[in-house]
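This is what each chain is made of:
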Amino acid sequence: MEDKTPFINVLISLGDDHLILGHRLSEWCGHAPMLEEDLSMPNMALDLLGQARNLYGYAVELEAKGRTEDDVAFLRSDREYKNILMVERPNGDFAHTILRQFYFAAYMKLFWESVLKNGDGRLQEFAAKASKELAYHIRHCGEWVVRLGDGTEESAARMKAAVDALHPYTNELFDVTPDFQHCIDGGLLPEPATLRADWDASVEQVFQQAFLSVPEVPFPQTGGRTGHHTEAFGHLLSELQYMQRAYPGLTW
Amino acid sequence: MYSQGLIGADDKPVEDDAFIAAFQARIDAEEKIEPNDPMPEAYRKTLVRQIGQHAHSEIVGMLPEGNWITRAPTLRRKLALLAKVQDEGGHGLYLYSAAETLGVSREQMTEELLSGKAKYSSIFNYPTPTWADIGAIGWLVDGAAIMNQVPLCRCSFGPYARAMVRVCREESFHQRQGYELMMALAEGSDKQREMAQDALNRWWWPSLMMFGPHDSDSTNSDQSMQWKIKRFTNDELRQKFVDATVVQAEKIGLTIPDPDLKWNPEKNDGEGGYDFGPIDWDEFWRVVKGGGPMNRDRIAARKKAWDEGAWVREAANAFAEKQAQRADAATVAAE
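Undergrad: Could you clarify how one ought to interpret the overall build of chain B in this entry?
TA: Counting its regular elements, chain B contains 13 helices and two strands. Radius of gyration (C-alpha) of chain B: 22 Å, near the 20 Å computed for a compact globule of 335 residues. Over its C-alpha atoms, taken along the principal directions, chain B stretches across nearly 80 × 55 × 30 Å. For chain B, the proportion of its 335 residues judged to be buried stands at 54%. Long-range contacts, defined here as pairs at least 24 residues apart, represent 76% of the contacts in chain B between residues at least 6 apart. Each charge sign in chain B was given a centre, from 40 positive and 51 negative side chains, and these centres are 5 Å apart.

Pasting the structure below:
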């Protein structure tokens, strides 16, 4: 029988992207710049957390070792999480949060659309819903990037600072681990490199209206896919895992 | 845009006896009063105060529960809590909109909240130190809110009554969700049961205080009853809440922290109800006047979000102006 481990590993790493970004977005709930954003950020977080559950659920089903989605989400050590570094970056100001969400959504929408054309059958089910949700994230966040980029002097400066800070983390969206390559070869997942041109174009289109330019990135920041995280990550896990670690083995 | 100075405010009716009698006749006939209808200034003011307080309570109420979003113990609970807190924000939004129909802007109401001029429900000035507090808030605080809000669906002011219909549906879902969370704890380990009981001990009395002072001490009650903004008195609603909740606590094996709690078959016109012990009104007034454990922190958190978000709101306004100017310029160029 074919070894499913590479696919399971990739499903979990994608689940990690969604869980960690959903977690970060949820930190805004009740603290946003305006009530409308107190509603829309949890909305996006709910979409992401829902996708994380799908991906983890599928992974543990394929694994068939009795692990649950919660075991995967809450009971691993930091090295075992394989999310890209961008999603674990602290929220920073509203410009950072919105830009990070835009970068991620713009990539994942292309990813899911490509899965829909040619990919694993179960992932296609997730993709149908996710690509619609992400279209909304892209619209909402893209409009904010434009509004902030073309708003006041201060907002334009903050937007530019966010681009400078976060753009170095975008390369990792396209990284291919050996497990991922295995899934590409098996026809389960799309090849990220083929999504690059469209992703660049959607970023370019929004940046143009926002009077922003795509910076040169001499030194991309990567490492999450191999479990090498930033300093902020341990703190995030200590909150995320608090209950499961403090009261192990209970039902909630 | 905010609907500042929309209704009635510009050409105020003369509030003579005939006007007041005609208004009261509409109320007595159970007609809904709509934003553009003539209304006594005191009616308008009462509603602005009440709907504003209600909206602020929803917004400040996001904080104690929001405290646990990043620490929820399972993915299912995390999603449910996040969706719930988001619902509260949504309620705030409808309510601010309902208040805006009476000619007061959301910005103005927010400033009054931050300056301490406007009040919000004191219950949110208690802390949420444990996960069980999320269950207790859903079960007790939302439970008490429903008792208050269901009659508001028939409130004489149309926009408020209509907003309440949806709010009540969602609150009732939250209440069941909170109770289900408490039930899971009560059926769990000793530690979980202790956690649940401890939360009930801390939230029980503040929940009873949510209904406000005794009828004999309530200053706003009579007029609001006459205007059918209120349908039941504070004490009637409190009694309903106690009667409904005691059974729920028993069912999951938790103990209401009141040694004087006793079934009284004579109560509620012979249908029976619970007698309960005296409420600590000193504590109630202390928290109302700003001396609760979390009053300062709650307002500080709202103020921080508002101040730190100022540049975002300014940018959105600046962008909207630029867009309007560009549209004007394009129209001129086309002509």
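Here the narrative resumes.
Undergrad: What exactly am I supposed to notice about helix 4 (residues 75-100) of chain B here?
TA: One full turn of an α-helix is made of 3.6 residues, so residues set three or four places apart face in the same direction. Compared with the 38 Å implied by 1.5 Å per residue over 26 residues, the 37 Å span of helix 4 of chain B between its first and last C-alpha is a close match. Burial analysis of helix 4 of chain B places 19 of its 26 residues in the buried class, which makes it a mostly covered element.

Undergrad: Is there a simple way to think about the state of the cysteines in this case?
TA: In a disulfide, the sulfur atoms of two cysteines are held together by a covalent bond. With the rule as written, the count across this model stands at zero disulfides over all chains. With no disulfide of its own, cysteine 29 of chain A lies 16 Å from the sulfur of cysteine 141 of chain A, the closest cysteine sulfur. Lacking any disulfide linkage, cysteine 153 of chain B is separated from the closest cysteine sulfur, that of cysteine 168 of chain B, by 3.8 Å.

Undergrad: How should the pattern of salt bridges be read in this particular structure?
TA: Note that side chains of opposite charge can pair when their charged atoms are close. According to the stated counting rule, one finds 36 salt bridges over all chains in the structure shown. Two residues, arginine 158 of chain A and glutamate 154 of chain A, come together in a salt bridge whose shortest N-O distance is 2.9 Å. You can see arginine 158 of chain A and its partner glutamate 154 of chain A sitting in helix 7 (residues 153-166), four residues apart, about one turn around the helix. The class of arginine 158 of chain A is partly exposed, set by a relative accessible area of 27%. The residue arginine 77 of chain B makes a salt bridge to glutamate 180 of chain B at a minimum N-O spacing of 2.9 Å. Here arginine 77 of chain B, found in helix 4, pairs with glutamate 180 of chain B, found in helix 7 (residues 158-186); they are 103 residues apart in sequence, far enough to count as distant.

Undergrad: Just to check I follow, could you spell out the nonpolar core for this structure?
TA: Side chains of nonpolar character tend, in soluble globular proteins, to be buried together. Core analysis: the largest hydrophobic core is formed by 173 residues, its most contacted members being Trp112 of chain A together with Trp131 of chain B. Not counting residues up to four positions away in its chain, the partners in contact with tryptophan 112 of chain A are His18, Gln51, Leu55, Leu123, Phe126, Ala127, Ala130, Ser131 and Leu134 of chain A.

Undergrad: I tried to follow the confidence of the model for chain B on my own but got confused; where do I start?
TA: Parts of the model with low pLDDT should not have their predicted coordinates read in detail. Residues and elements named next belong to chain B. In this model, chain B carries an average pLDDT of 94, and 96% of its residues clear a pLDDT of 70 or more. Confidence over residues 1-8 falls short of pLDDT 50; this stretch has 20 contacts with residues more than four positions distant or in other chains. Scoring the predicted complex yields pTM 0.95 and, for the interface, ipTM 0.96.

Undergrad: Honestly, the interface of chain A and chain B in this entry has me stumped. Any pointers?
TA: Interface size is commonly expressed as the accessible area that is lost once the parts come together. The interface of chain A with chain B comprises 48 residues on the first partner and 46 residues on the second. A combined buried area of about 4100 Å² lies between chain A and chain B, and 70% of that area is made up of carbon and sulfur atoms. Across the chain A-chain B interface, the total number found is three salt bridges. In this structure, aspartate 150 of chain A and arginine 326 of chain B form a salt bridge, with 2.9 Å as the shortest nitrogen-oxygen distance. Listing elements by their share of the side of chain A that touches chain B, those giving two or more residues are helix 1 (5-26), helix 2 (35-63), helix 3 (69-74), helix 5 (94-117), helix 6 (121-149), helix 7, helix 10 (231-240) and helix 11 (242-246) of chain A. The element that contributes the greatest number of residues to the side of chain A that touches chain B is helix 2 of chain A, accounting for 12 residues. Its residues assigned to classes, the side of chain A that touches chain B comprises 25 nonpolar, 11 polar and 12 charged.

Undergrad: Could you clarify how one ought to interpret the packing of helix 2 of chain A against helix 6 of chain A in this entry?
TA: When two helices pack together, their arrangement is given by the angle between their axes and by how far apart the axes lie. Residue and element names in this part refer to chain A. It is the contact of helix 2 with helix 6, at a shortest axis distance of 11 Å, that shows an interaxial angle of 155°. Between helix 2 and helix 6, the interaxial angle falls into the category roughly antiparallel. Considering the relative orientation of helix 2 and helix 6, their crossing is left-handed. In this structure, helix 2 contributes Glu37, Ser40, Met44, Asp47, Leu48, Gln51, Asn54, Leu55, Tyr58 and Glu61 to the contact, and helix 6 contributes Arg122, Leu123, Phe126, Ala130, Glu133, Tyr136, His137, His140, Cys141 and Trp144. In the contact of helix 2 with helix 6, the residues fall into 10 nonpolar, five polar and five charged.

Scoring rules and cut-offs
Residues numbered from 1 in each chain as written. Chains lettered and ligands numbered in written order. Predicted model: local features only at pLDDT ≥ 70, side-chain atom pairs only at ≥ 80, totals over all residues. Heavy atoms only, no water. Helix = DSSP H or I, 4+ residues; strand = E, 2+ residues; numbered from the N terminus. Rg over C-alpha atoms; globule rule 2.2 N^0.38 Å. Buried < 20%, exposed > 50% of the residue type's maximum accessible area, 1.4 Å probe, protein only. Contact = heavy atoms within 4.5 Å. Lys, Arg positive; Asp, Glu negative; His and termini not counted. Charge placed at Lys NZ, Arg CZ, Asp CG, Glu CD. Expected span 1.5 Å × (residues − 1). Disulfide = S-S within 2.5 Å. Salt bridge = Lys/Arg side-chain N within 4 Å of Asp/Glu carboxyl O. Core = buried A, V, L, I, M, F, W, Y, C linked by side-chain atoms within 4.5 Å. pLDDT = per-residue confidence, 0-100. Buried area = accessible area lost by both parts, 1.4 Å probe. Nonpolar A, V, L, I, M, F, W, Y, C, P; charged D, E, K, R; others polar. Axes fitted to C-alpha atoms, helices over the stretch in contact; angles between N-to-C directions. Parallel < 35°, antiparallel > 145°, perpendicular 65-115°, else oblique. Left-handed = near helix turned anticlockwise from the far one by under 90°.

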